[in-house]
Amino acid sequence: MLDNLNWWEIGALLLLALLIFGDRLPAVINDGLRMVRNLRNMARNATGDLSRELGTDIQLEDLHPKAFIRKHLLSEEDEAAIRKPLQGVYDNLRADVNGVHNDLKDVANAADLRSNGTRPGTTTGTPSAPAPRVSYDDAT
């Protein structure tokens, strides 16, 4: 939650909270913690009630609609039947992407002028200056 804040920003927020709430700051913190505790208890009670009603073990993470349907309403066969038509589309798309990737590699290798092995100065044995970098714009 506070991953984007550094220590200076957190300190500034605490100082701002102290200036706004003053002497009431401990009471405000206590009220906030009590509210979080009550929300946690409400969620725990709701999951307990659902577990009793459905006859399965439900965790708080299972209350997300997609996770709930996947875990408690669909059997493995139903999930496989839903995935089967989409799996063929996924496999075709993956094959197309791999083909385009391989074609791009071939084009890049063909356009790379340094890959054909002819460098100046290699036949005499004397060291020469490195070959200038060739961009793809120069090759076209």
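Residues numbered from 1 in each chain as written. Predicted model: local features only at pLDDT ≥ 70, side-chain atom pairs only at ≥ 80, totals over all residues. Heavy atoms only, no water.

### Comments concerning the overall build of the protein chain
Then, in step 1: Of the regular secondary structure elements, the protein chain holds five helices and zero strands.
Then, in step 2: Taken from N to C terminus, the helices and strands of the protein chain fall in the order α-α-α-α-α.
Then, in step 3: Taking all 140 residues of the protein chain together, the buried fraction comes to 4%.
Then, in step 4: For the protein chain, long-range pairs separated by at least 24 residues make up 15% of all intrachain contacts whose partners lie at least 6 apart in sequence.
Then, in step 5: Carbon and sulfur atoms make up 60% of the accessible area of the protein chain, which totals about 12600 Å². (Helix = DSSP H or I, 4+ residues; strand = E, 2+ residues; numbered from the N terminus. Buried < 20%, exposed > 50% of the residue type's maximum accessible area, 1.4 Å probe, protein only. Contact = heavy atoms within 4.5 Å. Areas by Shrake-Rupley, 256 points an atom, 1.4 Å probe, with all protein chains shown as cover.)

### Side note on helix 2 (residues 25-54)
Then, in step 1: Across its 30 residues, helix 2 extends 43 Å between first and last C-alpha, which sits within 8% of the 44 Å expected from 1.5 Å per residue.
Then, in step 2: Check the buried side of helix 2 and you find it contacts helix 1 (7-21).
Then, in step 3: With its phi angle positive at about 80°, Gly 55 sits one or two positions after the end of helix 2. (Expected span 1.5 Å × (residues − 1).)

### Looking at a nonpolar patch on the surface
Then, in step 1: A contiguous nonpolar patch, built from Leu 5, Leu 13, Leu 16, Ile 20 and Phe 21 and spanning about 430 Å² of accessible area, is present on the exposed surface.
Then, in step 2: With respect to the secondary-structure elements, Leu 16 resides in helix 1.
Then, in step 3: Accessibility expressed as a relative area gives 46% for Leu 16, which makes it partly exposed. (Patch = residues over 30% accessible without salt bridge, like charges linked within 9 Å, V, L, I, M, F, W, Y side chains within 5 Å. Salt bridge = Lys/Arg side-chain N within 4 Å of Asp/Glu carboxyl O.)

### Concerning the pattern of salt bridges
Oppositely charged side chains may form a pair once their charged atoms are brought near each other.
Then, in step 1: Using the criterion set out here, one finds two salt bridges in the structure.
Then, in step 2: Residues Asp 31 and Arg 34 are paired through a salt bridge, measuring 3.1 Å at the closest nitrogen-oxygen approach. Of this pair, Asp 31 and Arg 34 both sit in helix 2, three residues apart, roughly one helical turn.
Then, in step 3: On the accessibility criterion, Asp 31 (42% relative accessible area) is partly exposed.
Then, in step 4: Since its relative accessible area comes to 39%, Arg 34 is described here as partly exposed.

### Concerning helix 4 (residues 76-111)
Then, in step 1: Between its first and last C-alpha, helix 4 extends 50 Å over 36 residues, near the 52 Å set by a 1.5 Å rise per residue.
Then, in step 2: Considering bend angle alone, the principal kink of helix 4 is centred on Lys 84 and spans about 35°; proline Pro 85 follows within four residues of it. (Bend = angle between axes of the 7 residues up to and from the residue.)

### Brief notes about the side chain of Thr 47
Then, in step 1: As for its placement among the helices and strands, Thr 47 is situated in helix 2.
Then, in step 2: A polar contact of 2.8 Å, which involves the side chain of Thr 47, links it to the backbone oxygen of Arg 44. (Polar contact = N/O pair within 3.5 Å; in protein donor to acceptor, adjacent residues only side chain to side chain.)

### Comments concerning the confidence of the model for the protein chain
Then, in step 1: Across the protein chain, the average pLDDT comes to 77, with 76% of residues at or above 70.
Then, in step 2: The model gives residues 119-123 a pLDDT under 50, and that stretch makes three contacts with residues more than four places away or in other chains. (pLDDT = per-residue confidence, 0-100.)

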